[in-house]
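Coordinate analysis (summary)
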Amino acid sequence: MKLKDYLTPTLVYRTALGVSFVLVVSVALVFHIQMNSLNNSVGLISDSNKKQFELEKLISSITLKENSLRNYIITKDTTYLKSDSLVEQNIYKSLSEIKDLVQKTADPSDIAGLENLIKQRFQLFEDTFKISNSENVDMNLLKSKLMESSQVTAAIRKQIYTIRDKEVSALKIHNINHRYDVETSTITAFSLTIIVLVVLLFSLNKVNYDFRKLKKLNKELNFANQISDNAEKVAGISHWKINMVTGKYFFSDNFYRIFGLEPHAFEEKVENFIAFIHPEDVGECVKAHEESLKSKTPTSLTYRIVRHDGEIRYINSIGDFTHNSNGELVKIGVSYDITEQQNSKFILEEKNKNLIAINAELESFNQIVSHDLQEPLRKIQMFISRLEGGEIDNVSETGKDYFSKIKMSANRMQNLMMDLVDYSRTIKENKVFGIIDLKTILDNVLQELAINIEETNAKVIVGKLPEVNAIPFQIQQLFVNLLANSLKYTKEGISPIIKVNARKITSEEIINDTIITENKYHKIVVSDNGIGFKQEFSEKIFALFKRLETEASYTGTGLGLAICKKVVENHNGFIKAKGVPNKGATFTIYLPK
Amino acid sequence: MISKDQSPLNIMLADDDEDDRNFFNDAMKELKIKNNLTVFKDGKDLMDYLNAPDTVLPHILFLDLNMPCKTGNECLKEIRSNPKFKEISIAIYSTSSSEKDIEETFIDGANIYIKKPNDFSKLKKVLKEVVNLNWQFHTSGLNKDTFFFSI
């Protein structure tokens, strides 16, 4: 969802920050306005109060002046007139005060009316004073003036009361407003505090969360580094970095340990490291290193190092170029101790040499068997045949029998030796595989056994056979041995019939934990109608020198099937035997494709 | 139809084993083929005789491989490198049946490879075959150098 992609944590937090900032500022602004309003209302109230006070003062001043004038008129005592000017001043002061205050609020016409009345009253004060001060006090005029004065005073008082009443009602409104202002500003102040607190709490929480996360990541990183270091220690691996921009070298902890030192035992300079390289290898190593740094190509080197205690270790070092998180070109690599592997390699090479020597000796042994042992045997046989050619007629029946037994033993020995030679050929080292047509092989086999086939009047039926990847002479040996057996172990009086066929592997068979399938193996079956064998011996018959029929009429060395098994094993195949006593034997060969 | 030459066959045998020489001789005798058989005890004697001037060269030379002084292989190489002896059929007559020996002698120019049989009658049979074979070549003019037959 695209929206979700936009709503990254950074964006969310930034928006929240912006919103809360705007909120706080606007609330603060509102608060400020409210404060102003509050100030205003307070001012208004105090003004109003002041006005009322001045009005009262005005009245009392006028009354005072009236009183003092009256007292003077009555007593003619001038002391009452002393404070006259002061009172007059006060009255005018109050009036001006009221006038000032008026400018902010109510009806200026009221004040103008009041002023007139006051002026009138003052005129009357003067008139009254003049009249009372004259030689002949005109009582009627005085009375009328006094009457007028009190009327004006009453009017003044009335006016003042009107103004005052107006003020009182205005004051009521001001009070209501003021209370409202107080309430709203309290609410605003309160909400501002709450908002600020909430924002503060959130930010603190976020900071705390981020800090904890960072701490956790840091811990994990430290832990990972520790694991890596341990892994290096266990595996004998180390890593290093060369920063191509700063020219700085970095060696991991295990790098030093490979040199048999504690971590950071020497300064991370290339000279310190080169000092450890074996004198015979150092030239090549340095050259390869410098070339790699120049051409920015990867390296893979094997060299020896000499530790402080003289021990020589084999090191394999692989490095390549890349860029680090700052975009700088660095060469990073791994160096590991392959001393164990090298030693194993040397031991293996030694063993190999030994094996080759042993093989050579076996080869010469083979030579001895095939030549030097057969020689005297052949002589024995030759002389026996010479005897049989003529001399034997001079010997008694027992003698003839003995000779015949000597001959058989000699023949047996020869067969044994030839089979041994065949067997040793199957385990020889140089096995050359090739694609061979089994049909051709079988033709050769039939040719080799031609005499036997003729003598036993045998019938060999060879079906269609595939091409296989095999060692020709060994495969031929295999079939020679199998067919020779079939020709040998025949039922008395019955001509052997031998069938050689290739079969399809229809169902999966499992031999020695390997699954045999049609697409992986050839299946060839050699079956005969001979004396067969008991199935319980089906494995035994492949053993070296093992024979089932020890009757003299069946000549055998016990090597034939052992050789077959060896040949099949050389080809990574399998051979299985199935026998039914007195019915025949079937040998199944599996060869990998 | 093989027309037999009435002149006797010159056969030579080089074998260090006395018994084998005797067997050979007896077999040839019993075959009743007219032949002049010359036997040698080792390769050196053989080569000395062959290289001597005025020697009558054999038609067939039976050569044993394992001989002291000079082995059959060395003699074979020497003979085949000398054009004077190119008419001689060389039959290797050895106890060994190793492929290595057969191959080597074939490459070095032997015509026939015979494994020494262990039966006297077999020996007679083999010799008869070899002699008859050689007659065919003698008459039909096939190149002896390129023919190889293993018994």
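The model shown is predicted, which means the values in this text are computed figures rather than measured ones.

It is worth spelling out the overall build of chain B at this point. Regarding its fold elements, chain B presents 5 helices and 6 strands. Within chain B, the fraction of its 151 residues that count as buried is 31%. Contacts spanning at least 24 positions in sequence make up 71% of the contacts within chain B whose residues lie at least 6 apart.

This paragraph deals with the overall build of chain A. A count of helices and strands for chain A gives 15 helices and 14 strands. Across the 593 residues of chain A, 21% fall into the buried class. Here the contacts in chain A between residues at least 6 apart in sequence split such that 66% fall between residues at least 24 apart.

Residue and element names in this part refer to chain A. The strand order S2-S1-S5-S4-S3 describes an open sheet built from 5 strands, whose pairing is antiparallel. On the outer flanks of this sheet lie strand S2 (249-251) and strand S3 (299-306), each paired with one strand and no other. Strand-to-strand twist of the sheet, defined as the mean angle between neighbouring strand axes without regard to direction, takes the value 20°.

Mapping Ala27(B) onto the fold places it in helix H1 (residues 18-31). Distance in space between the C-alpha atoms of Ala27(B) and Phe120(B) is 7.4 Å, their sequence separation being 93 residues.

All right, on to the nonpolar core then. One finds Phe479(A) and Cys564(A) to be the most contacted residues of the largest nonpolar core, which totals 36 residues. Listing elements by their share of this core, those giving two or more residues are helix H12 (438-448), strand S8 (467-470), helix H14 (472-488), strand S9 (497-503), strand S12 (521-527), helix H15 (560-570), strand S13 (574-580) and strand S14 (584-592) of chain A. Phe23(B), Phe24(B), Tyr93(B) and Leu123(B) belong to the second-largest nonpolar core, a separate cluster that totals 32 residues.

Let us now look at the environment of Phe574(A). Residue and element names in this part refer to chain A. Locating Phe574 in the fold gives a position in strand S13. A count of 20 C-beta atoms within 10 Å places Phe574 in the buried class. The spatial distance from the C-alpha of Phe574 to the C-alpha of Ile516 is 9.8 Å, given a sequence separation of 58 residues. Contacts of Phe574, omitting those with residues within four sequence positions, involve Ile511, Asn512, Val568 and Tyr590.

Time to look at the packing of helix H2 (residues 9-75) of chain A against helix H6 (residues 139-235) of chain A. Residue and element names in this part refer to chain A. Between H2 and H6, whose axes approach to 7 Å, the crossing angle comes to 160°. In terms of orientation, H2 lies roughly antiparallel with respect to H6. Handedness of the crossing formed by H2 with H6: left-handed. Looking at the contact of H2 with H6, its residues break down into 27 nonpolar, 15 polar and 7 charged.

All names here are of chain A. Mapped onto the elements of the fold, Leu171 is located in helix H6. The class for Leu171 is buried, based on 20 C-beta atoms found within 10 Å. Between the C-alpha atom of Leu171 and that of Asn49, which follows or precedes it by 122 residues, the distance is 8.1 Å. The residues contacting Leu171, other than those within four sequence positions of it, are Ile45 and Ser48.

Residues and elements named next belong to chain B. With 84% of its residues at a pLDDT of 70 or more, chain B has an overall mean of 82. When the elements of chain B are averaged for pLDDT, strand S6 (residues 149-150) gives the smallest value, 56, and strand S3 (residues 60-63) the largest, 91. In the predicted complex, the global pTM is 0.49; the interface-specific ipTM is 0.82.

A few words on the interface of chain A and chain B. Between chain A and chain B, the residue contacts involve 12 residues of the former and 10 residues of the latter. Top contributing element to the side of chain A that touches chain B by residue count: helix H10 (residues 339-389) of chain A, with 11 residues. Its residues assigned to classes, the side of chain A that touches chain B shows 1 nonpolar, 7 polar and 4 charged.

Attention shifts here to the packing of helix H11 (residues 397-426) of chain A against H15(A). Residue and element names in this part refer to chain A. Contact geometry for H11 and H15: axes closest at 9 Å, N-to-C directions at 10°. By the angle class used here, H11 and H15 are roughly parallel. For the pair formed by H11 and H15, the contact residues are Asp419, Asp422, Tyr423 and Thr426 on the first element and Gly560, Ala562, Ile563, Lys566, Val567 and Asn570 on the second. Residue classes in the contact of H11 with H15 are distributed as 4 nonpolar, 3 polar and 3 charged.

Right, let's talk about the sheet that holds strand S7 (residues 459-462) of chain A for a bit. All names here are of chain A. One open sheet accounts for 5 strands, arranged S7-S9-S12-S14-S13; its pairing is mixed. The open sheet has two edge strands, S7 and S13, and neither has a second partner. Looking at each pair of strands side by side, their axes are set apart by 15° on average, direction ignored. Of the strand pairs in this sheet, S7 and S9 are connected by 4 bridges, and their pairing is parallel.

Moving on, we come to H12(A). Residues and elements named next belong to chain A. Among the residues making up H12, those that are buried are Leu438, Ile441, Leu442 and Val445. End-on, the buried residues of H12 take up no more than an arc of 95°, which puts them together on one face. Opposite the buried face of H12, by more than 90 degrees, sit the exposed residues Asp443 and Gln447. Among the structural elements, strand S6 (434-437), S7, S8, H14 and S9 are those in contact with the buried residues of H12.

Residues and elements named next belong to chain A. Direction of pairing for S12 relative to S14: antiparallel, over a ladder of 7 bridges. For Val525, the partnering residue across the bridge sits in S14 and is Thr588. Across 7 bridges, S13 lies against S14 in antiparallel orientation. Bridge pairing in S14 places Lys578 opposite Thr586. Where S13 hands over to S14, the hairpin turn is made up of 3 residues, of which Asn582 adopts a positive phi near 75°.

Along an α-helix, residues three or four positions apart point the same way, because every turn accommodates 3.6 residues. The end-to-end C-alpha separation of H11(A) is 44 Å, in line with the 44 Å expected for 30 residues at 1.5 Å each. By the burial criterion, the buried members of H11(A) are Ala410(A), Asp422(A) and Thr426(A).

Residues and elements named next belong to chain A. Phi is positive for Asn572, close to 60°, though the residue is something other than glycine. Among the secondary structure elements, Asn572 is positioned in the loop between H15 and S13. We note that Asn582 has phi near 75°; this positive angle belongs to a residue other than glycine. The topology assignment puts Asn582 in the loop between S13 and S14.

Each value, and the rule that gives it
Residues numbered from 1 in each chain as written. Chains lettered and ligands numbered in written order. Predicted model: local features only at pLDDT ≥ 70, side-chain atom pairs only at ≥ 80, totals over all residues. Helix = DSSP H or I, 4+ residues; strand = E, 2+ residues; numbered from the N terminus. Buried ≥ 20, exposed ≤ 12 C-beta atoms within 10 Å, placed from the backbone. Contact = placed C-beta atoms within 7 Å. Pairing = 2+ DSSP bridges. Axes fitted to C-alpha atoms, helices over the stretch in contact; angles between N-to-C directions. Core = buried A, V, L, I, M, F, W, Y, C linked by C-beta atoms within 7 Å. Parallel < 35°, antiparallel > 145°, perpendicular 65-115°, else oblique. Left-handed = near helix turned anticlockwise from the far one by under 90°. Nonpolar A, V, L, I, M, F, W, Y, C, P; charged D, E, K, R; others polar. pLDDT = per-residue confidence, 0-100. Arc of directions from axis to C-beta. Expected span 1.5 Å × (residues − 1).

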